[in-house]
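Structure at a glance
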Amino acid sequence: MDRRIFHGNIQPNDIAHALMAEFNRGNLHAQVVGGQDKMAVQIATRMGSMSGGQTALTINIQKMEDGILVEAGQQAWFGVAASLGQTAISALRNPFSLLSRLDDLAQDIENIQLNENVWKVIDRTMATLGASHALSERLSRITCAFCGTANPVGEGSCIACGAPLGDAQPTTCPKCGFVVSTKESTCPNCQQALP
Ligand SMILES: [Zn+2]
Ligand SMILES: [Zn+2]
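Description of the structure in this document.

With that settled, the discussion passes to the overall build of the protein. In terms of helices and strands, the protein carries four helices and 10 strands. Along the protein, from the amino end to the carboxyl end, the secondary structure elements read β-α-β-β-β-β-β-α-α-α-β-β-β-β. Of all 195 residues assigned to the protein, the portion counted as buried reaches 37%. For the protein, the exposed area adds up to about 10900 Å²; of that, 55% sits on carbon and sulfur atoms.

Coordination of the zinc ion (ligand 2) by the protein comes from C173 (SG), C176 (SG), C187 (SG) and C190 (SG), over a distance range of 2.3 to 2.4 Å. Between the four donor atoms coordinating the zinc ion (ligand 2), the angles at the centre fall across 104 to 114°, so the site counts as tetrahedral. All donor residues of the zinc ion (ligand 2) come from one chain, and their arrangement in sequence is C-x2-C-x10-C-x2-C. A relative accessible area of 22% places C190 in the partly exposed class.

With distances of 2.3 Å, the protein atoms coordinating the zinc ion (ligand 1) are C144 (SG), C147 (SG), C158 (SG) and C161 (SG). One can describe the site at the zinc ion (ligand 1) as tetrahedral: its four donor atoms subtend angles covering 104 to 114° at the metal. Read in sequence order, the donor residues coordinating the zinc ion (ligand 1) give the pattern C-x2-C-x10-C-x2-C. By relative accessible area, which is 4% here, C144 ends up buried.

With a phi close to 65°, Q191 is a non-glycine residue in the positive phi region. With respect to the secondary-structure elements, Q191 resides in the segment after β10 (179-181).

In this sheet, strand β3 (residues 38-45) lies alongside strand β2 (residues 28-34) in antiparallel orientation, the contact comprising seven bridges. Paired with A30 across the strands is I43, a residue of β3. The antiparallel pairing of β2 with β3 creates a hairpin that spans three residues between the two strands.

Bringing the packing of helix α1 (residues 12-23) against helix α4 (residues 114-128) into the picture now. Viewed as axis vectors pointing N to C, α1 and α4 meet at an angle of 130°, and their least axial separation amounts to 10 Å. Considering the angle they form, α1 stands oblique to α4. The way α1 lies across α4 gives a crossing that is right-handed. In this structure, α1 contributes D14, I15, A18, L19, E22 and F23 to the contact, and α4 contributes L114, N117, V118, V121, I122, R124, T125 and M126. A class-by-class count of the residues in the contact of α1 with α4 yields nine nonpolar, two polar and three charged.

Overall, the coordinates contain five salt bridges when judged by the stated rule. Taking the shortest distance from any N to any O, the salt bridge between R3 and E71 comes out at 3.2 Å. You can see R3 sitting in strand β1 (residues 2-7) and its partner E71 sitting in strand β5 (residues 67-72), a full 68 residues away along the chain. Under the relative-accessibility criterion, R3 is labelled partly exposed at 31%. Taking the shortest distance from any N to any O, the salt bridge between E22 and R124 comes out at 3.4 Å. Remark: R124 occurs in helix α4 and E22 occurs in helix α1; sequence separation between them is 102 residues. Taken together, the shared-partner salt bridges in this structure form one network comprising D2, R4 and D123.

Take the side chain of E71 next. On the accessibility criterion, E71 (17% relative accessible area) is buried. A polar side-chain atom of E71 sits 3.2 Å from a polar atom in the side chain of R3.

Next up on the list: the packing of aromatic side chains. Tallying each qualifying case throughout the model produces zero aromatic pairs. It is R4 that lies over the ring of W119; its NZ or CZ is 4.0 Å from the centre.

Rules behind the numbers
Residues numbered from 1 in each chain as written. Chains lettered and ligands numbered in written order. Predicted model: local features only at pLDDT ≥ 70, side-chain atom pairs only at ≥ 80, totals over all residues. Heavy atoms only, no water. Helix = DSSP H or I, 4+ residues; strand = E, 2+ residues; numbered from the N terminus. Buried < 20%, exposed > 50% of the residue type's maximum accessible area, 1.4 Å probe, protein only. Areas by Shrake-Rupley, 256 points an atom, 1.4 Å probe, with all protein chains shown as cover. Donors = N, O, S within 2.8 Å, 3.2 Å for Na, K, Ca; no water. Tetrahedral: all angles 85-135°; square planar, octahedral: opposite > 155°, others 65-115°. Pairing = 2+ DSSP bridges. Axes fitted to C-alpha atoms, helices over the stretch in contact; angles between N-to-C directions. Parallel < 35°, antiparallel > 145°, perpendicular 65-115°, else oblique. Left-handed = near helix turned anticlockwise from the far one by under 90°. Contact = heavy atoms within 4.5 Å. Nonpolar A, V, L, I, M, F, W, Y, C, P; charged D, E, K, R; others polar. Salt bridge = Lys/Arg side-chain N within 4 Å of Asp/Glu carboxyl O. Polar contact = N/O pair within 3.5 Å; in protein donor to acceptor, adjacent residues only side chain to side chain. Phe/Tyr/Trp six-rings, centres within 6.5 Å; stacked < 30°, edge-to-face > 60°. Lys NZ or Arg CZ within 6 Å of the ring centre and 35° of its normal.

Given below as structure tokens:
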């Protein structure tokens, strides 16, 4: 399970739209289920697809305080390994058989890269919309407990009254966007070492 958080003024639908545009074509079929704040995009090989094995992947998208959380489920495989194996075996017996199985081979490789391609589309979409793994402007402010002034993250003391803001200041994992405290040395979500 791969989970990433994007901060910014974005909606689950932004990602759902981008995934539909990219993956609901060719040998793949994609559909959106769920409502506004919580939706899932299911991508699967079309039934009766002429080449390669079958695969399916579900991406869950959930609205959060200042952005969205995206989770890719475990990709399910139906016969892709078998299909690749069959290609290899028939190539051993008769190298010319590869020619007739090139479509299968290309499709299987495309299927294997599906998870990676999904994240590429998500990252690209988020970048276009100005969202990132860093905290949004709204959340990246700490309200002073004494005078109520909003201070930018990283400020040691309140810009208005000078009271210490302490180490309550949050930051985010650069790899997955999970909100972490400055005391943590590894990300609880993806185990990335934090600076
Ligand atoms: Zn203050
Ligand atoms: Zn992380």
